[in-house]
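# Coordinates in review
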Amino acid sequence: MDIRAILMGLAFALMWSSAFTSARMIVAEAPPLLALSARFLVSGAVGVGLALALGQSWRLSPAQWRATLIFGLCQNALYLGLNFVAMQWVQASVASIIASTMPLMVALMGRVVFGDTIRPLGLAGLFAGVVGVAIIMGARLSGGVDPTGLALCLIAAFALSVATLSVRGAASKGNVLMIVGLQMFVGAISLALVSALTEPWHVVPTTRLTLAFLYTTLIPGLLATWVWFRLVARIGAVKAATFHFLNPFFGVAIAALVLGERLGWLDLAGVAVIAAGILAVQLSKQPPKLGA
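Please read all numbers here as calculations on a predicted model, not as lab measurements.

Bringing the overall build of the chain into the picture now. Assigned secondary structure in the chain consists of 12 helices and 0 strands. The order of α-helices and β-strands along the chain, N terminus first, is α-α-α-α-α-α-α-α-α-α-α-α. Computed over the C-alpha atoms, the radius of gyration of the chain is 18 Å, within 12% of the 19 Å expected from 2.2 N^0.38 for a compact globule of 292 residues. C-alpha extents for the chain along the principal axes are approximately 65 × 50 × 30 Å. Looking at the chain residue by residue over its 292 residues, the buried ones come to 55%. Considering only contacts in the chain between residues 6 or more positions apart, those separated by 24 or more positions represent 93%.

Within helix α11 (residues 247-259), the full set of buried residues consists of Asn247, Pro248, Phe250, Gly251, Val252, Ile254, Ala255 and Ala256. Of the residues one or two after α11, glycine 260 is the one with positive phi, at around 75 degrees.

Here we take up the layout of surface pockets. It is a probe the size of a water molecule, rolled over the atoms, that shows where empty space is left. By volume, the second largest pocket is sized at about 160 Å³. Around the second largest pocket sit Leu33, Ala77, Leu78, Gly81, Leu82, Val85, Ser190, Leu191, Val194 and Thr198, which together line it. For the lining of the second largest pocket, the secondary structure elements donating two or more residues are α3 (62-86) and α8 (176-198). It is α3 that contributes the most residues to the lining of the second largest pocket, 5 residues altogether.

Any two aromatic rings considered together are summarised by their centre-to-centre distance and by the angle between their planes. Across all of its chains, the model carries 4 aromatic pairs by this definition. A centroid spacing of 5.7 Å and a plane angle of 15 degrees characterise the contact between tryptophan 16 and tyrosine 79, whose relative ring orientation is stacked. Taken together, the positions of tryptophan 16 in helix α1 (residues 3-27) and tyrosine 79 in helix α3 put the pair 63 residues apart, joining distant regions of the chain. In this pair, the class of tryptophan 16 matches that of tyrosine 79, namely buried. Through pairs of rings, three or more aromatic residues link up here, namely Phe12, Trp16, Tyr79 and Trp228.

To characterise two packed helices, one gives the angle between the axes of the helices and the distance between these axes. Direction vectors running N to C along α1 and helix α9 (residues 207-235) enclose 150 degrees, while the axes themselves pass 8 Å from each other. When the axes of α1 and α9 are compared, the pair comes out roughly antiparallel. Crossing geometry of α1 relative to α9 is assigned as left-handed. Here the contact of α1 with α9 is built from residues that sort into 21 nonpolar, 4 polar and 4 charged.

Once that is clear, we can look at the nonpolar core. Core analysis: the largest hydrophobic core is formed by 81 residues, its most contacted members being Trp16, Phe20, Phe40, Tyr79, Met87, Trp228 and Leu231. Of the residues forming this core, the biggest block, 11 residues, is contributed by α1. Those residues within four positions of phenylalanine 40 in sequence are excluded, and the remaining contacts are Asn76, Leu80, Met184, Gly187, Ala188 and Leu191.

Take empty space enclosed by the protein next. Counted by the stated rule, this structure contains 2 cavities of 30 Å³ or more. Each pocket or cavity is described by its volume, and for the largest cavity that value is around 90 Å³. If you trace the largest cavity, you find it lined by Trp16, Ala19, Phe20, Ala23, Arg39, Tyr79, Leu80, Asn83, Phe84, Met87 and Pro220. Those elements that provide at least two residues to the lining of the largest cavity are α1 and α3. Grouping the constituent residues of the lining of the largest cavity by class yields 9 nonpolar, 1 polar and 1 charged.

So, how was this worked out
Residues numbered from 1 in each chain as written. Predicted model: local features only at pLDDT ≥ 70, side-chain atom pairs only at ≥ 80, totals over all residues. Heavy atoms only, no water. Helix = DSSP H or I, 4+ residues; strand = E, 2+ residues; numbered from the N terminus. Rg over C-alpha atoms; globule rule 2.2 N^0.38 Å. Buried < 20%, exposed > 50% of the residue type's maximum accessible area, 1.4 Å probe, protein only. Contact = heavy atoms within 4.5 Å. 1 Å grid on protein atoms, 1.4 Å probe; cavity = no way out; pocket = protein on both sides within 12 Å on 5 of 7 lines; lining within 4 Å. Points joined across faces, edges and corners; volume = space filled by probe spheres on them. Phe/Tyr/Trp six-rings, centres within 6.5 Å; stacked < 30°, edge-to-face > 60°. Axes fitted to C-alpha atoms, helices over the stretch in contact; angles between N-to-C directions. Parallel < 35°, antiparallel > 145°, perpendicular 65-115°, else oblique. Left-handed = near helix turned anticlockwise from the far one by under 90°. Nonpolar A, V, L, I, M, F, W, Y, C, P; charged D, E, K, R; others polar. Core = buried A, V, L, I, M, F, W, Y, C linked by side-chain atoms within 4.5 Å.

Encoded structure:
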């Protein structure tokens, strides 16, 4: 993995993890699915507009259209939709920790569906990552976590795993920003329909809601998704997914700084184990040296 890919992965993890905190702010003052649908509508319009300005085409290949639909439904409608709903009952840090289990799901699904191979060191790294997540989650569970919110977050992580594998090769033929914009529209339409049937459209307009909405729309929503597509196209889904192991650190740290959520020594211990897991996974992906 080259330095550019590493920087892209770190930037993506930071932006992605910050979305849990901003989402927690949004759902406190607006219906979660309605707010998320509006976010996708704005992000999609910006993304498609920029793509057209850059000369990209909406005439995608069949594989790109398929990935756009699957990614829009699995990541936007299911993953983010379920997380936004769950955020009414669980802390932002808890949601980000559960999301970090996604790389293990991606690795397993990649092995079963695509026949991907994972070296022993990589398996050990993934295991270490899960142990680190378990350490942090254990500390959180001792304080009490709503089971409904927890279940929604777990289902959301599985949906994100499907979305991650669905983009394999989707960005290899260009039109990346157009794909990002179009899959935002898929999420916007899906969630608007569900919102109209399931929740009252009552919003409490505040400065905090406006700022959180704009940040979530432009940074985690549009920029992070574009970086993610480029990262998957550059290094592959399983490698890219390992950066989600950084979510507990960034997610817990940002929630602690912005929302005042608790950050204890077990959280720090879990982060250290997760970091070791990331290193092991990345080293396992290095090609063997000639003559070794």
